[in-house]
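One letter stands for each residue in the lines below.
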Amino acid sequence: FANAQHSIPALVADGTLAPNCAALFRSDPQSSPLPLYFHQEQAIALAGQGKSYVVTTGTGSGKSLCFFIPIVSAILKERAAGAPRRTRAIVVYPMNALANSQLEELKKYVGNVPDDPPLIRFARYTGQETDDERRAIAESPPDILLTNFMMLELLMTRQGEQDRAVM
């Protein structure tokens, strides 16, 4: 992994990322913002230009941050511009275990900035949720929805009012 030339604070300073990204993306509230690898910096730059990209790198190399940092930044920028809350990103995982793991990572980052309501709302919708949890997601759609391909297909093809409200 080559080190990136820019840090998250530098990308906030130049307007590439929303201001709260520097506070969110750190190991814990007292630590410095996460260092970026070159592939992460490139992905953030491409996302900021509205371009598509594919990231291929080894396990544990920070691929998820290549899409979570730009997604969170875009949500924060839209919210700062007065946009209403709604689901802005659907992240589809091949397995529930990965969705669960990423849910925990998002909780960790969002927990770095205690706010009520939270800066970013996210939810898992993989078929593991109770009826009450699914109802809560439908009543208050998250900014980011984590799901699997089977549940996404069901959400897109079901005609039930609750399922249509999720997206």
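Engineer: Give me the lowdown on the overall build of the protein chain, citing residues and values where you can.
Structural biologist: Summing up its helical and strand segments, the protein chain has eight helices and three strands in all. Listed N to C, the secondary structure of the protein chain is α-α-α-α-β-α-β-α-β-α-α in terms of helices and strands. Compactness check: the protein chain gives a C-alpha radius of gyration of 16 Å against a globular reference of 15 Å for 167 residues, within 12% of the reference. In terms of overall dimensions, the protein chain has C-alpha extents of about 50 × 35 × 30 Å along its principal axes. Looking at the protein chain alone, contacts between residues at least 24 apart form 63% of all its contacts between residues at least 6 apart. Only carbon and sulfur atoms are counted for the fraction: they give 54% of the accessible area of the protein chain, which is about 9,100 Å². Averaged over its 16 positive side-chain charges, the protein chain has a centre that lies 4 Å from the centre of its 17 negative ones.

Engineer: Which residues make up the sheet that holds strand S3 (residues 144-148), and what values do they have?
Structural biologist: Spatially, S1-S3-S2 is the arrangement adopted by the three strands of the open sheet, whose pairing is parallel. Taken across any chain shown, the strands that pair with only one partner, and hence form the sheet edges, are strand S1 (89-93) and strand S2 (122-125). Each strand of the sheet is rotated relative to its neighbour by a mean of 20 degrees, with strand direction disregarded. In terms of strand pairing, S1 meets S3 through five bridges, oriented parallel. In the sheet register, Tyr93 faces S3, and the bridge partner there is Asn148. Its contacts with the sheet put helix H7 (residues 149-157) on S1, S2 and S3, and the angle it makes with S3 is roughly 110 degrees.

Engineer: Could you give an account of the nonpolar core, naming the residues involved and the relevant values?
Structural biologist: Ranked by size, the top nonpolar core spans 32 residues in total, and within it Ile8, Phe25, Ile69, Leu76, Ile120, Ile144 and Leu146 carry the most contacts. Residue assignment for this core shows that the elements contributing at least two residues are helix H1 (8-13), helix H2 (21-24), helix H4 (63-80), S1, helix H5 (96-110) and S3. Among all residues touching Leu76, those that are not within four sequence positions of it are Ala18, Asn20, Cys21, Leu24, Leu119 and Ile120. With eight residues, the next largest nonpolar core counts Tyr125, Ile137, Ala138 and Leu155 among its residues.

Engineer: I'd love a proper account of the packing of aromatic side chains, names of residues and values included.
Structural biologist: Here the structure, examined in full by the defined rule, presents two aromatic pairs. Summarising the aromatic geometry, the rings of Phe25 and Tyr109 are spaced 5.2 Å apart at their centres and angled 50 degrees between planes, so their arrangement reads as tilted. Highlighted residues: Phe25 in the loop between H2 and helix H3 (38-48) and Tyr109 in helix H5, separated in sequence by 84 residues. Judged by relative accessible area, which is 2%, Phe25 ranks as buried. The interplanar angle of 45 degrees and the centroid separation of 4.7 Å between the aromatic rings of Phe67 and Phe68 together place this pair among those described as tilted.

Engineer: Which residues make up the pattern of salt bridges, and what values do they have?
Structural biologist: Throughout the structure, instances matching the rule amount to eight salt bridges. Across the salt bridge formed by Glu78 and Arg88, the nearest N and O atoms sit 2.1 Å from each other. Residue Glu78 is found in helix H4, and its partner Arg88 is found in the loop between H4 and S1; the two are separated by 10 residues along the sequence. In this structure Glu78 comes out as partly exposed when scored by relative accessible area, which is 32%. A salt bridge links Arg79 to Asp143, with the nearest nitrogen and oxygen atoms 2.5 Å apart. Placement of the pair is Arg79 in helix H4 and Asp143 in the loop between helix H6 (131-139) and S3, with a sequence separation of 64 residues.

Cut-offs used in this document
- All residue numbers refer to positions counted from 1 along the written sequence of the respective chain.
- Reporting of local features is limited, given that this is a predicted model, to residues whose pLDDT is at least 70; pairs of side-chain atoms are given and counted only at 80 or more, and all residues count toward the totals for whole chains, interfaces and linings.
- Where side-chain values are given, they derive from all heavy atoms of the structure, hydrogens and water being excluded.
- Per the convention used, a helix needs a DSSP run of H or I reaching at least four residues, while a strand needs a run of E reaching at least two, with both numbered from the N terminus.
- Using C-alpha atoms as the atom set, the radius of gyration is obtained and then compared with a globule rule of 2.2 Å times the number of residues to the power 0.38.
- We call two residues in contact when some of their heavy atoms are within 4.5 Å.
- Per-residue accessibility takes into account occlusion by the displayed protein chains alone, with areas from the Shrake-Rupley method and a 1.4 Å probe.
- In this tally, Asp and Glu contribute negative charge and Lys and Arg positive charge; neither His nor the terminal groups of the chain are included.
- A charge is said to be at NZ when it belongs to Lys, at CZ for Arg, at CG for Asp and at CD for Glu.
- Paired strands, as defined in this entry, are two strands with at least two bridges between them according to DSSP.
- Axis geometry follows a simple rule: fit a line to the C-alpha atoms, using only the stretch in contact for helices, then measure angles between N-to-C directions, giving values from 0 to 180 degrees.
- Working definition of a nonpolar core: buried Ala, Val, Leu, Ile, Met, Phe, Trp, Tyr and Cys residues. They are joined through side-chain atoms within 4.5 Å.
- The buried label goes to any residue with under 20% of its type's maximum accessible area, the exposed label to any with over 50%, and the partly exposed label to all in between, with areas taken from a 1.4 Å probe on protein chains only.
- Ring pairs shown here join Phe, Tyr and Trp side chains whose ring centres sit within 6.5 Å, with only the six-membered ring taken for Trp; geometry is labelled stacked below 30 degrees between planes, edge-to-face above 60, and tilted in between.
- Think of a salt bridge as a Lys or Arg side-chain nitrogen and an Asp or Glu carboxyl oxygen that are within 4 Å of each other.

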